[in-house]
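Okay, here's what each chain looks like letter by letter:
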Amino acid sequence: MRARAWGHIIFNGALALLFAFMFLRAGELPSSMWEPMGAGTFPRLVLALLVIFNFMIIVKELPHLKRTSALASGAVRNWLRQHRLAFGVLLLFGLLTAAVPVVGFRWASFPFLVACQYLLGARSGKALLIAALIALVMSFGLDSLFRHVLTISLPRGLWG
């Protein structure tokens, strides 16, 4: 129980710092005259909510530290193994974040979504086909929705 509480506190603290950094960087996104709220508004809103969510988890876990004894041997290793999917998705999200400025939202989010679905269990040919279709709709569909309906331009990358 104590290992779990420490793991959640450290993990959510690190995520909160990462999201706060990204919040600051999102303010640097260039805006056009066609976007009344600016290109960084939506990402900043999502990132602010994520930081608040992380702090809520930390506050929720703090009382568990007082009620439990010291960590057992191997507890950290077991916690890391139990949360390997979360770390895998976080790694994929980091790759997505690095790829968006280079290749744009559509082409960065498509492999991210396929890889996430593979990581979470889509292994058969049929499941991978469905995963690819979902990724196609989500990456290109969301880009189209934001661009044409909400008039918010998502990043197009260096060659877009």
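Analysis parameters
Residues numbered from 1 in each chain as written. Predicted model: local features only at pLDDT ≥ 70, side-chain atom pairs only at ≥ 80, totals over all residues. Heavy atoms only, no water. Patch = residues over 30% accessible without salt bridge, like charges linked within 9 Å, V, L, I, M, F, W, Y side chains within 5 Å. Areas by Shrake-Rupley, 256 points an atom, 1.4 Å probe, with all protein chains shown as cover. Salt bridge = Lys/Arg side-chain N within 4 Å of Asp/Glu carboxyl O. Helix = DSSP H or I, 4+ residues; strand = E, 2+ residues; numbered from the N terminus. Buried < 20%, exposed > 50% of the residue type's maximum accessible area, 1.4 Å probe, protein only. Phe/Tyr/Trp six-rings, centres within 6.5 Å; stacked < 30°, edge-to-face > 60°. 1 Å grid on protein atoms, 1.4 Å probe; cavity = no way out; pocket = protein on both sides within 12 Å on 5 of 7 lines; lining within 4 Å. Points joined across faces, edges and corners; volume = space filled by probe spheres on them. Nonpolar A, V, L, I, M, F, W, Y, C, P; charged D, E, K, R; others polar. Expected span 1.5 Å × (residues − 1). Contact = heavy atoms within 4.5 Å.

(A) Up close: a nonpolar patch on the surface. On the surface, Phe42, Leu45, Val46, Leu49, Ile52 and Met56 cluster together into a nonpolar patch covering about 570 Å² of accessible area. Counting through the fold element by element, Ile52 comes out in helix α2 (residues 41-67). Among the residues examined, Ile52 registers a relative accessible area of 48% and is labelled partly exposed.

(B) A look at the packing of aromatic side chains. The final tally for this structure, using the stated rule, is 4 aromatic pairs. Ring geometry for Trp107 and Phe140: centres 5.0 Å apart, planes at 85°, overall edge-to-face. With Trp107 in helix α5 (residues 105-119) and Phe140 in helix α6 (residues 125-149), this pair connects stretches of sequence that are 33 residues apart. By relative accessible area, Trp107 is classed as exposed at 52%.

(C) Spotlight on the pattern of salt bridges. One pass over the full model with this rule turns up 3 salt bridges. The salt bridge partner of Lys60 is Glu61, with a shortest N-O separation of 3.3 Å. With relative accessibility at 2%, the residue Glu61 sits in the buried group. Residue Arg147 is joined to Asp143 by a salt bridge in which the shortest nitrogen-to-oxygen separation is 3.0 Å. A residue pair is termed a helical-turn pair when its members lie 3 or 4 positions apart in one helix, as Arg147 and Asp143 do in helix α6 at 4 residues. One exposure class covers both Arg147 and Asp143, and it is buried. The network of salt bridges with shared partners includes Arg106, Asp143 and Arg147.

(D) Main features of the layout of surface pockets. Quantified by volume, the largest pocket comes out at close to 1,300 Å³. Lining the largest pocket we find 37 residues, and of these Met22, Pro43, Val100, Phe105 and Pro155 sit closest to its centre. The set of elements that each furnish at least two residues to the lining of the largest pocket consists of α1 (2-26), α2, α4 (84-103), α5 and α6. Here the lining of the largest pocket gets 6 residues from one element, more than from any other, and that element is α1. Considered class by class, the residues forming the lining of the largest pocket number 26 nonpolar, 6 polar and 5 charged.

(E) Here's a closer look at α2. Helix length check: α2, at 27 residues, gives a terminal C-alpha distance of 41 Å against a target of 39 Å (1.5 Å per residue), a fit within 8%. The set of residues buried in α2 consists of Leu47, Val51, Asn54, Ile58, Glu61, His64 and Leu65. Contact partners of the buried residues in α2: α1.

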